[in-house]
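Analysis of the macromolecular model
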Amino acid sequence: MSENQLTKRLDEGPVICAEGFLFELERRGYLSAGEFVPEVALEHPDALRALHVDFQRAGSDIVEAFTYNGHREKMRVIGKEDLLEPLNRAALRIAREVANERPGNLMAGNISNTNIWAPDDPARQAEVRAMFEEMVGWAVEEGADMIIGETFYYAGEALCALEVAKASGLPVVLTLAPMAGEEMRDGRGIVETCQALEQGGADVVGLNCFRGPETMMPWLRAVRAAVSCHVGALPIPYRTTEAEPTFFNLSDDSGCTCPAPHGRAFPTALDPMFCNRYEVGAFARQAQELGVNYLGVCCGANPMLIREVAEAVGRVTEASRFSERMENHFMYGSNARLPEHIKALGETA
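Residues numbered from 1 in each chain as written. Predicted model: local features only at pLDDT ≥ 70, side-chain atom pairs only at ≥ 80, totals over all residues. Heavy atoms only, no water.

Along the backbone of the chain there are 13 helices and eight strands. Here the C-alpha radius of gyration of the chain, 20 Å, is about what a compact globule of 349 residues would show, namely 20 Å. Overall, the chain is about 70 × 45 × 45 Å in size when its C-alpha atoms are taken along their principal axes. Counting over 349 residues, the chain shows a buried share of 55%. Counted over contacts in the chain with a minimum sequence separation of 6, partners at least 24 positions apart contribute 75%. For the chain, the exposed surface amounts to about 14800 Å²; the carbon and sulfur share of it is 48%. For the chain, the distance from the average site of its 32 positive side-chain charges to the average site of its 51 negative ones is 5 Å. (Helix = DSSP H or I, 4+ residues; strand = E, 2+ residues; numbered from the N terminus. Rg over C-alpha atoms; globule rule 2.2 N^0.38 Å. Buried < 20%, exposed > 50% of the residue type's maximum accessible area, 1.4 Å probe, protein only. Contact = heavy atoms within 4.5 Å. Areas by Shrake-Rupley, 256 points an atom, 1.4 Å probe, with all protein chains shown as cover. Lys, Arg positive; Asp, Glu negative; His and termini not counted. Charge placed at Lys NZ, Arg CZ, Asp CG, Glu CD.)

This is the structure we're talking about:
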């Protein structure tokens, strides 16, 4: 792929990128919550491939290799560092194969927050850089069209990721995931960090994860106004609020009688705070109206929500064949064969 193909596509209109593999594959029974390590690429490659295909059918233009949390430190935590390179290469090859099946799709290598970055520790920073370098190297060798760096809550780590990704010669998307402090964890401003990423050569800057539509949108407006490059927006589909701006401390006020044993709804008991499809679609339309063309959904995503994003910005996807048709629903329908007394049951059902 030529260096400018991603931005050329974005210049022409929306590009959809599905993320959120961790939560969806955990729900499907292929990885463990808490650990959230993508061993599925080695243990159940058909399951990973199936999710890629489902996202692709729903409208995702980018097949992002599922290497999130597939870095050296995470593999050390679970005692499987020897599987690091095989896992990365397997995930990249699956993504490459799926992307190849649909002309125009792009395959992305992925690097992300390592959870060990320390602003005042050069040794730790060098360790993180080395992890990024090996993962980007494998992505290049396995034929990635672009590199996605995502979910960074330290500005320094995001800038380190950008430097390594840019050295590949491939287009780079770099998205931040600010926590509740309304700034990066090393004290740098969110908008300021996006500007620094643009100046460092990122093709797309923006926000992903941690924040739902309501609390991502204000920052998205500010970032869009402050940079001239393309902007990305990939929220979580949960109802975060001004009082609880990220999903880490969302309160469950639904009257739940069986709360999560670890004391927080995040990450396994967020279900009552889930956005419906119409909220996700409304966010995508609003973002596009701001001039944001790199769109998707992060943790909590499923193919239906990716289809909602795609359709909200005017796309018709393969999965659109199965978009809702309430005209044939027994309560809501207009079909002449639906008896009026049955439709009327909706008022008292």
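Taking 1.5 Å of rise per residue, 14 residues should cover 20 Å, and helix α4 (residues 45-58) covers 20 Å from first to last C-alpha, within 8% of that figure. Taken residue by residue, α4 has Ala47, Leu48, Leu51, His52, Phe55, Gln56 and Ala58 as its buried positions. Contacts from the buried residues of α4 go to β1 (15-18), α2 (21-27), α3 (40-43), β2 (62-64), α6 (84-100) and α12 (303-312). (Expected span 1.5 Å × (residues − 1).)

Quantified by volume, the largest pocket comes out at close to 420 Å³. Around the largest pocket, the lining is made up of 28 residues, and of these Leu22, Phe36, Tyr68, Asn69 and Cys299 lie nearest the centre. Elements with a contribution of two residues or more to the lining of the largest pocket: α2 and β4 (146-152). A total of three residues in the lining of the largest pocket trace back to one element, the largest contributor, which is α2. The residue inventory of the lining of the largest pocket, partitioned by class, reads 18 nonpolar, six polar and four charged. (1 Å grid on protein atoms, 1.4 Å probe; cavity = no way out; pocket = protein on both sides within 12 Å on 5 of 7 lines; lining within 4 Å. Points joined across faces, edges and corners; volume = space filled by probe spheres on them. Nonpolar A, V, L, I, M, F, W, Y, C, P; charged D, E, K, R; others polar.)

Now for the nonpolar core. By size, the foremost hydrophobic cluster in this structure holds 105 residues, and its most contacted members are Phe23, Phe66, Phe247 and Leu270. Top element by residues in this core is α6. It accounts for nine residues. Ignoring any residue separated from it by four or fewer positions in sequence, one finds Leu270 in contact with Phe23, Tyr238, Phe247, Leu250 and Ala265. The next biggest cluster of nonpolar side chains, apart from the first, holds 13 residues, and it includes Leu6, Val15, Cys17 and Ile62. (Core = buried A, V, L, I, M, F, W, Y, C linked by side-chain atoms within 4.5 Å.)

Overall, the coordinates contain one cavity of 30 Å³ or more when judged by the stated rule. Empty space within the largest cavity amounts to approximately 40 Å³. Lining the largest cavity are Ala18, Phe21, His52, Phe55, Gln56, Ser60, Ile62, Val63 and Glu64. Every element with two or more residues in the lining of the largest cavity is listed here: α4 and β2.

A separate point is the pairing of strand β3 (residues 106-112). Taking burial as the measure, the seven residues of β3 include seven buried ones, the bulk of the element. Neither face of β3 is open: one carries Leu106, Ala108, Asn110 and Ser112, the other Met107, Gly109 and Ile111, and all of them are buried. Looking at chain direction, β2 and β3 are connected through three bridges and run parallel. Note that in β3 the partner of Ile62 across the bridge is Leu106. The pairing of β3 with β4 spans five bridges and is parallel. Looking across to β4, one finds that Asn110 is bridged to Ile148. (Pairing = 2+ DSSP bridges.)

The next thing to look at is the pairing of β1. The two faces of β1 match: Val15 and Cys17 on one face and Ile16 and Ala18 on the other face are all buried. The pairing of β1 with strand β8 (residues 294-297) spans four bridges and is classified as parallel. The residue bridging Cys17 from the neighbouring strand is Gly296, located in β8.

Once that is clear, we can look at the packing of aromatic side chains. Overall, the coordinates contain 14 aromatic pairs when judged by the stated rule. Note on Phe132 and Phe152: the rings are 6.0 Å apart at their centroids and 90° apart in plane angle, and the pair reads as edge-to-face. Here Phe132, found in helix α7 (residues 122-141), pairs with Phe152, found in strand β4; they are 20 residues apart in sequence, far enough to count as distant. Taking relative accessible area as the criterion, Phe132 reaches 1% and is therefore assigned buried. Counting every residue linked through ring pairs, the aromatic cluster contains Phe23, Phe36, Tyr153, Tyr154, Phe210, Tyr238, Phe247, Phe248, Phe266 and Phe274. (Phe/Tyr/Trp six-rings, centres within 6.5 Å; stacked < 30°, edge-to-face > 60°.)

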